[in-house]
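Read off the chains here:
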Amino acid sequence: MNLRCQELLRSQCFVDGTWTDGSGADRIAVYNPATGALVGTVPAFSQKETQKAIDAASRAWPAWKRLSVDERSRILRCWYELIVEHHLDLAVLMTLEQGKPLAEAQGEVLHGASYVEWFAEEAKRIYGDTMPMAQKGKRIVVLKEPVGVCAAITPWNFPSQMVTRKAAPALAAGCPVVLKPAARTPFSALALAFLAQKAGFPPGVFNVITGPAQEIGQEMTANPLIRKLSFTGSTAVGKRLMRDCAGTVKKVSLELGGHAPFVVFDDADVDAAVRGAMSSKYRNSGQTCVCANRFIVQEGIYAEFAEKLVAAVQKLQVGSGFDQCVQQGPLIDQAALDKVEAQVADAVTLGAEIACGGMRVGKAGYFYAPTVLLGATKDMRIAREETFGPVAPIFSFKEDRDAVSLANSTPYGLAAYFYSQNINRIWRVAEALEYGMVGINTGRMSSEAAPFGGIKESGIGREGSKYGLEEYLELKYLCLGGLDAPL
């Protein structure tokens, strides 16, 4: 493995400041989705071993929350600098286990680092309030305090950025973290744990464990020492975790499934819309929760948009993420490939036309050609189900209200996009779309300074920004009496 720092490749869990195999009885194999080659193995932690990690975090909490914000900020800042210093190696690890092109992986690592930098500074701005009170001789003071030990469960599609987006605000607020990365992509998280150790986090403050999702998740949701759970993944799993957290009334934040519409109105800059569509749809081979899933294009420009989108898609090169000419890597596994094939087959059966793509690529790995479907209709599976693959179905509409109605006709509400140059239309449509995030004349909107999250069945809570820090804080109200004595 061509790493400048070989120590970044860790095959043990990180608990209480120590690298450990746990019982060592079982291991989880991790494979490169581009080649099928074994990348390595990691421990399969049991419920008892998960409990030990939570106990370690609980022991570390009193000292960590008592540190001054400047002390916590300095450690976070050091972590940020180490991530940036080693971003090339971290990108190599990510491409090996996840498959995305190396340049894209580098971009993810650096964007993930920006969350650490942001929250290192935001830790200094945890402000409370003083409030007037009607009763004489009393004062109201509101403090913000860390919620406690936090559990975080991260997905495979952004194995670095999702770690920092959850861990950095928790650590900045004064909360220890027990993190479980996806079994398909554990090495990125373990490498970040190694850099966190070098940055100076005390033992038990940041722990990374690997193992079976159900067993670890059950301990995280049931253990009363965990006071907050943050999860990114499917809506079905998020609902189950939310239900299980109810037993101890944990604070939760959930970033779940999406079914993003991408609306193009007839007054849009079509070339700009195509560029935005390429950025939104085909990044990470379409395996993002906020990527465009339904292209809804007004009749007057439907043919022009479709022609230009197909021309752009046909230029994409598919292959190993280590090939500099490649813009699209593999899907994560066979199940993902099967799902994309099934959705395309269903759409074709119901009348869609494959304008380009629509097939697997190569004999090894889980590659699928970037695809555009014309004549998509709302009775197709792809109109109702999140694809998580490089397929762009194009629907048509006549009136603005038709586009908004189609865009909102889903239980999901994570991200939406639309293109228009009419300021009146922009405000009307932006306010009518039932989504937590709306990109207007852009296909990319993720930022460490912005509140990332959805509504409806796409989740609750926000990540990033000052609002993301609030997710790891509790309010404490102090009522001070006896203050009316005369001087």
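Refer to the preceding data block for the structure.
Residues numbered from 1 in each chain as written. Predicted model: local features only at pLDDT ≥ 70, side-chain atom pairs only at ≥ 80, totals over all residues. Heavy atoms only, no water.

1. Structural notes on the layout of surface pockets
Approximately 990 Å³ is the volume found for the largest pocket. Put simply, the parts of the chain that give the lining of the largest pocket at least two residues each are α7 (213–222), β10 (226–232), α8 (235–245) and α11 (334–349). The dominant element in the lining of the largest pocket, judged by the number of residues it contributes, is α8, at five residues. Grouping the amino acids of the lining of the largest pocket by side-chain chemistry returns 16 nonpolar, twelve polar and eight charged. Computed from the structure, the second largest pocket encloses a volume of approximately 350 Å³. Lining the second largest pocket we find 25 residues, and of these Phe158, Gln161, Arg283, Arg444 and Ser446 sit closest to its centre. Within the residue set of the lining of the second largest pocket, elements represented by two or more residues are α4 (102–122), α5 (161–173) and β20 (415–419). The biggest single contributor to the lining of the second largest pocket is α4, with four residues. When its residues are assigned to classes, the lining of the second largest pocket shows ten nonpolar, eight polar and seven charged. (1 Å grid on protein atoms, 1.4 Å probe; cavity = no way out; pocket = protein on both sides within 12 Å on 5 of 7 lines; lining within 4 Å. Points joined across faces, edges and corners; volume = space filled by probe spheres on them. Helix = DSSP H or I, 4+ residues; strand = E, 2+ residues; numbered from the N terminus. Nonpolar A, V, L, I, M, F, W, Y, C, P; charged D, E, K, R; others polar.)

2. So, the sheet that holds strand β21 (residues 437–440)
Taken in spatial order, the seven strands make up an open sheet running β14-β17-β18-β13-β12-β20-β21, and their pairing is mixed. Bordering the open sheet on either side are β14 (353–356) and β21, each of which pairs with just one other strand. Sheet twist, expressed as the mean angle between neighbouring strand axes with direction ignored, is 25 degrees. Pairing analysis gives three bridges linking β14 to strand β17 (residues 371–374), with the strands arranged antiparallel. Directly across from Ile354, in β17, lies its bridge partner Leu373. Sitting on the sheet, helix α13 (residues 400–408) is in contact with β12 (260–264), β13 (292–298) and β18 (391–397), with an inclination near 170 degrees to β13. (Pairing = 2+ DSSP bridges. Axes fitted to C-alpha atoms, helices over the stretch in contact; angles between N-to-C directions. Contact = heavy atoms within 4.5 Å.)

3. Some words on a nonpolar patch on the surface
Judged by side-chain polarity, Leu143, Leu478, Leu480 and Leu483 come together as a nonpolar surface patch covering roughly 280 Å² of accessible area. You can see Leu143 is positioned in strand β6 (residues 139–146). A relative accessible area of 32% means that Leu143 is categorised as partly exposed. (Patch = residues over 30% accessible without salt bridge, like charges linked within 9 Å, V, L, I, M, F, W, Y side chains within 5 Å. Areas by Shrake-Rupley, 256 points an atom, 1.4 Å probe, with all protein chains shown as cover. Salt bridge = Lys/Arg side-chain N within 4 Å of Asp/Glu carboxyl O. Buried < 20%, exposed > 50% of the residue type's maximum accessible area, 1.4 Å probe, protein only.)

4. Overview of helix α9 (residues 270–281)
Here α9 spans 16 Å end to end across twelve residues, near enough to the 16 Å set by a 1.5 Å rise per residue. Most of α9 is tucked away, with nine of its twelve residues classed as buried. Within the span of α9, buried status applies to Val270, Ala272, Ala273, Val274, Gly276, Ala277, Met278, Ser280 and Lys281. Those residues of α9 that are buried are in contact with β12, β13, α10 (302–313), β18 and β20. The backbone nitrogen of Asp271 lies 3.2 Å from a side-chain oxygen of the residue at the head of α9, namely Asp269. (Expected span 1.5 Å × (residues − 1). Polar contact = N/O pair within 3.5 Å; in protein donor to acceptor, adjacent residues only side chain to side chain.)

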